[in-house]
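# Structural overview
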Amino acid sequence: MKHFSKNKALVVTLAFLMGTGAAAAQTTMKIANVAPASHPSGIVLQEIADALNARDDINLDVQVFNDGVLGSEMETLDQINSGVLEGQVAQGISIFQPYSPQFGVEELPFLFPTREAAYAAVDGEFGQLIAAKAEEHGFKILAFWENGFRHFTNSKRAIVVPSDMSGLRFRTAESQIRLAMFASLGASAVALPFTELYAALQQGVVDGQENPLALISKASLANVQKYLSTSGHIWNAAPIVVSKVWWDGLDQPTQSAVQTAFDEAKMRERQLIAQGDEQLVEELKAAGMEVNEVDKQAFQTATETVWARSEETIGADLMALARQIRGGKTQ
């Protein structure tokens, strides 16, 4: 009887230890973000992390790293590709261009006539095509959040017509199409990571930059930029990107919980971006920036050559879809 009791005690102890080990074996989901924690993407990311970490039906540990602490967007994308990092908020579809130049389609100047047209595109056929192409390179896009419409800022003068760009040196992202856009406008541009932008402006390495209002504000660029010209020349999505290998290794309940969380948060993040745009112009004015509108028709005409030259790299089919989107004829 004593022998039975010892064996029973051993079984109970082993079962407890095994159970404890299983409970401790959480799946980690580290998410990088170059934007600050106060940016809409940072705010909503943390809300998702808190919600998923609090759930008892999945065993997930979501960790958010804002402010580019894990590296530039390209560095963290490569980390995802190599399996070092699980995911990131990419501040544009164009971040995938090193894997295929076709992802530069989002960079075509004045592609999206309105914010609503952009939402319809990324939530429809356009977004499905981009997601499928991303999977070919080992990435899974969970949702398309919003980075927003990009606008020009600089320290020299107001930009109203394309000729005002002449002689100015801009920082831009690592995008061949965006570099071509600046060339078509008579400006020079240098590709620098967002994490190096403030210092480059402060030190006079570049005269200006272009970003959505939320990033201009949250990165305190009003401290080093005098003029804001609301051009809206490019609209960037903010795709939620994870490793396809990591994703495929999750069990179905965890996949469902994560997918639903990022899908449902999409509208809130977009709403924060849109609402912020209405307030940020006034806040940037109060911070000392001079704000003006640009002659959009003149800019569209000046950048038409960028579309023509992009046909070969982006591909005829995707370019045809882009032209339909620009004309408001399709999603």
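In this text the structure is predicted, and so the values were computed from the model without any measurement. (Residues numbered from 1 in each chain as written. Predicted model: local features only at pLDDT ≥ 70, side-chain atom pairs only at ≥ 80, totals over all residues. Heavy atoms only, no water.)

## Some words on the overall build of the protein
- The helix and strand inventory of the protein stands at 13 helices and 11 strands.
- Along the first, second and third principal axes, the C-alpha atoms of the protein reach 95 × 45 × 30 Å.
- Taking all 331 residues of the protein together, 51% fall into the buried category.
- Roughly 14,600 Å² of accessible area belongs to the protein as shown, and the carbon and sulfur atoms make up 52% of that amount.
- Computed over 26 positive and 39 negative side-chain charges, the inter-centroid distance for the protein is 3 Å. (Helix = DSSP H or I, 4+ residues; strand = E, 2+ residues; numbered from the N terminus. Buried < 20%, exposed > 50% of the residue type's maximum accessible area, 1.4 Å probe, protein only. Areas by Shrake-Rupley, 256 points an atom, 1.4 Å probe, with all protein chains shown as cover. Lys, Arg positive; Asp, Glu negative; His and termini not counted. Charge placed at Lys NZ, Arg CZ, Asp CG, Glu CD.)

## Observations regarding empty space enclosed by the protein
- Enumeration according to the criterion identifies 2 cavities of 30 Å³ or more in this entry.
- Put simply, the largest cavity is a space of about 280 Å³.
- Looking at the largest cavity, it is lined by 22 residues, and the ones nearest its centre are E73, I95, R171, A173 and E174.
- For the lining of the largest cavity, the class distribution of residues is 9 nonpolar, 8 polar and 5 charged.
- Roughly 40 Å³ of volume is contained in the second largest cavity.
- Looking at the second largest cavity, the residues that line it are A32, N33, V34, F65, G68, V69, L70, G71, E73, T76 and Q88.
- Elements that contribute at least two residues to the lining of the second largest cavity include exactly β1 (27-33) and α3 (73-82).
- For the lining of the second largest cavity, the class distribution of residues is 5 nonpolar, 5 polar and 1 charged. (1 Å grid on protein atoms, 1.4 Å probe; cavity = no way out; pocket = protein on both sides within 12 Å on 5 of 7 lines; lining within 4 Å. Points joined across faces, edges and corners; volume = space filled by probe spheres on them. Nonpolar A, V, L, I, M, F, W, Y, C, P; charged D, E, K, R; others polar.)

## Describing the pairing of strand β6 (residues 169-172)
- As judged from the 4 bridges shared by β6 and strand β7 (residues 188-191), these two strands associate in the parallel manner. In the strand pairing of β7, R171 is matched with V190.
- For the crossover that starts at β6, traverses helix α6 (residues 176-184) and ends in the parallel β7, the hand is right-handed.
- Sheet topology places β6 next to strand β8 (residues 208-211); 2 bridges connect them, and they run parallel. Residue pairing in the sheet places R171 in a bridge with Q209 of β8. (Pairing = 2+ DSSP bridges. Right-handed = clockwise from strand over helix to strand, strands pointing away.)

## What to know about the packing of helix α12 (residues 304-314) against helix α13 (residues 316-326)
- Closest axis-to-axis distance for the α12/α13 pair is 8 Å, and the angle between their directions is 145°. Pair α12 / α13 crosses with right-handed handedness. Between α12 and α13, the residues in contact are E304, W307, S310, E311 and I314 and A316, L318, M319, A322, R323 and R326, respectively.
- The class makeup of the residues in the contact of α12 with α13 is 6 nonpolar, 1 polar and 4 charged. (Axes fitted to C-alpha atoms, helices over the stretch in contact; angles between N-to-C directions. Left-handed = near helix turned anticlockwise from the far one by under 90°. Contact = heavy atoms within 4.5 Å.)

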